[in-house]
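A look at the structure
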Amino acid sequence: LVNPNAEIAVGYGLSLVTLQDGTLIAGRITVDTPEKLTIIALDGKESSYARSQVKTLTPPVSAMPPMALSLPPANLRDLISYLATRKSLKQSGKGAADAHGEKVAK
């Protein structure tokens, strides 16, 4: 929350790809191997390219703004505390189904 670019999970974050012909593509990298690069562009379309077609690739950056700049310290603390309780409920199995809108069988 404070620094969303500190660690970005694979498949998340936005990268900029420049192809050898000068084409620029922005999106999420879903496959990155020595042979192939697959990206889901901002319009949702998935495209794959041979690595030999890729001129440059920027590291992924988070689209989420840093909350430390948006919230007063007390509100940021409260948000982190709340999110920590949600994680605890999910790990314990309580609240996991209703967190996704599913009905819990009783």
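Reading guide: rules and limits
- Residues numbered from 1 in each chain as written.
- Predicted model: local features only at pLDDT ≥ 70, side-chain atom pairs only at ≥ 80, totals over all residues.
- Heavy atoms only, no water.
- Helix = DSSP H or I, 4+ residues; strand = E, 2+ residues; numbered from the N terminus.
- Buried < 20%, exposed > 50% of the residue type's maximum accessible area, 1.4 Å probe, protein only.
- Contact = heavy atoms within 4.5 Å.
- Areas by Shrake-Rupley, 256 points an atom, 1.4 Å probe, with all protein chains shown as cover.
- Core = buried A, V, L, I, M, F, W, Y, C linked by side-chain atoms within 4.5 Å.
- Pairing = 2+ DSSP bridges.
- Polar contact = N/O pair within 3.5 Å; in protein donor to acceptor, adjacent residues only side chain to side chain.
- Patch = residues over 30% accessible without salt bridge, like charges linked within 9 Å, V, L, I, M, F, W, Y side chains within 5 Å.
- Salt bridge = Lys/Arg side-chain N within 4 Å of Asp/Glu carboxyl O.

1. A short note on the overall build of the chain
In terms of regular secondary structure, the chain is built from one helix and five strands. Listing each helix as α and each strand as β along the chain from the N terminus yields β-β-β-β-β-α. Within the chain, the fraction of its 106 residues that count as buried is 18%. Across the chain, every contact between residues at least 6 apart in sequence was considered, and the portion connecting residues at least 24 apart equals 42%. Accessible surface computed for the chain: about 7,800 Å², of which carbon and sulfur atoms make up 58%.

2. A short note on the nonpolar core
In summary, soluble globular proteins display a tendency toward joint burial of nonpolar side chains. Judged by nonpolar contacts, Val 17, Leu 19, Ile 25, Ile 29, Leu 37, Ile 39, Ala 41, Tyr 49 and Val 54 together constitute the single largest core of nine residues. Those elements giving two or more residues to this core turn out to be β1 (15-19), β2 (24-32) and β3 (36-41). Ranked by the residues each element gives to this core, the list is headed by β3, at three residues. Non-local contacts of Leu 19, meaning those with residues more than four positions away in its chain, are made with Ile 25, Tyr 49, Gln 53, Val 54 and Lys 55.

3. Some remarks on the pairing of β1
Most of β1 is tucked away: four of the five residues are buried. Relative to β2, β1 runs antiparallel, the two sharing four bridges. Bridge pairing in β2 links Ser 15 to Gly 27. Linking β1 back to β2 in an antiparallel pair, the connection comprises four residues, with Gly 22 at a positive phi of about 95 degrees.

4. Overview of the pairing of β3
In terms of residue burial, β3 counts as a mostly covered element, since five of its six residues are buried. Sheet topology note: the β2/β3 ladder contains five bridges and is antiparallel. Each residue of the ladder has a partner; that of Arg 28, found in β3, is Ile 40. Between the antiparallel neighbours β2 and β3 lie three residues. Strand direction decides the pairing type here: β3 and strand β4 (residues 46-50), joined by five bridges, are antiparallel. Within β4, the position partnered with Leu 37 by the bridge is Tyr 49. Between the antiparallel neighbours β3 and β4 lie four residues, among them Gly 44 with a positive phi of about 90 degrees.

5. So, the side chain of Ser 15
Here Ser 15 shows up in strand β1. Among the polar contacts made by the side chain of Ser 15, one reaches the main-chain carbonyl oxygen of Thr 58 at a distance of 3.2 Å. Setting aside residues up to four positions removed in sequence, Ser 15 forms contacts with Ile 25, Ala 26, Gly 27, Ile 29, Ile 39, Leu 57, Thr 58, Pro 59 and Pro 60.

6. Thoughts on a nonpolar patch on the surface
Taken together, the side chains of Leu 1, Val 2, Met 64, Ile 80, Tyr 82 and Leu 83 present a nonpolar region at the surface, about 510 Å² in accessible area. With respect to the helices and strands, Leu 83 occurs in helix α1 (residues 73-92). Leu 83 sits in the partly exposed class, given a relative accessible area of 39%.

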